[in-house]
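This is what each chain is made of:
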Amino acid sequence: MHKPIAHQIDAYVVDTLMADLCGHDRRPSAFLVYLCLACEAQRRRAEAVPLSLQEIATRTGLAKSTVQTAIRHLKRRGLLDADQVATTAAPLRRVVMPWRDS
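Treat the numbers as computed from the prediction; the structure is a model and nothing was measured. (Residues numbered from 1 in each chain as written. Predicted model: local features only at pLDDT ≥ 70, side-chain atom pairs only at ≥ 80, totals over all residues. Heavy atoms only, no water.)

(A) Quick peek at the pattern of salt bridges. Tallying each qualifying case throughout the model produces seven salt bridges. With its nearest N and O atoms 2.4 Å apart, the salt bridge here joins Arg-77 to Asp-20. Of this pair, Arg-77 sits in the loop between helix H4 (64-76) and strand E2 (92-94) while Asp-20 sits in helix H1 (residues 11-24); the two residues are 57 residues apart in sequence, bridging distant segments of the chain. Assessed through its relative accessible area of 34%, Arg-77 is described here as partly exposed. Accessibility expressed as a relative area gives 21% for Asp-20, which makes it partly exposed. (Salt bridge = Lys/Arg side-chain N within 4 Å of Asp/Glu carboxyl O. Helix = DSSP H or I, 4+ residues; strand = E, 2+ residues; numbered from the N terminus. Buried < 20%, exposed > 50% of the residue type's maximum accessible area, 1.4 Å probe, protein only.)

Given below as structure tokens:
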């Protein structure tokens, strides 16, 4: 288990993205997966994180198939880099924060 650390979460994630993914899209699992990946990226101080589907499933309490569906949704929404191909050998996933580019 990781040493507990405090995370800084952009207000946009809680104020807008949570309602958008959970309410409008009806995909609360996508929000959990995004939050998991964003926190891991912050912990590692990196944009891309090497987490497998099973690791994400374990951390979020979701089924692996639910994690796969959530990742596809996040890629369609532009919240994960769709060009970053995650393989079994190299499961890199790059978190995108488009509101920071505005």
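(B) Layout of the packing of helix H3 (residues 53-60) against H4. For the pair H3 and H4, interaxial distance at closest approach is 9 Å and the crossing angle is 105°. Looking at the two axes, H3 sits roughly perpendicular to H4. Touching Leu-53, Gln-54, Ile-56, Ala-57 and Thr-60 of H3 are Lys-64, Val-67, Gln-68 and Ile-71, all from H4. Looking at the contact of H3 with H4 residue by residue, the class counts come to five nonpolar, three polar and one charged. (Axes fitted to C-alpha atoms, helices over the stretch in contact; angles between N-to-C directions. Parallel < 35°, antiparallel > 145°, perpendicular 65-115°, else oblique. Contact = heavy atoms within 4.5 Å. Nonpolar A, V, L, I, M, F, W, Y, C, P; charged D, E, K, R; others polar.)

(C) A look at the side chain of His-73. Summarising the element assignment, His-73 is placed in helix H4. Look at His-73 and you get buried, because its relative accessible area is 8%. Filtering out sequence-adjacent residues up to four positions away, His-73 remains in contact with Leu-21, Asp-25, Arg-27 and Ala-30.

(D) Expanded view of helix H2 (residues 28-44). Taking 1.5 Å as the rise per residue, H2 with 17 residues should run 24 Å; its terminal C-alpha atoms sit 24 Å apart, in good agreement. Among all positions of H2, only Ser-29, Ala-30, Phe-31, Val-33, Tyr-34, Cys-36, Leu-37, Ala-38, Cys-39, Glu-40 and Ala-41 are buried. The inward-facing, buried residues of H2 contact H1, strand E1 (48-50), H3, H4 and E2. Remark: Arg-45 follows H2 within two positions and exhibits a positive phi of approximately 55°. (Expected span 1.5 Å × (residues − 1).)

(E) Up close: the nonpolar core. Among the nonpolar cores identified, the biggest contains 25 residues, and Val-33, Tyr-34, Leu-37, Ile-56, Val-67 and Leu-74 are the most heavily contacted of them. A total of eight residues in this core trace back to one element, the largest contributor, which is H2. Those residues in contact with Ile-56 that sit more than four places away from it in its chain are Val-33, Cys-36, Leu-37, Leu-51, Val-67, Ile-71 and Arg-93. (Core = buried A, V, L, I, M, F, W, Y, C linked by side-chain atoms within 4.5 Å.)

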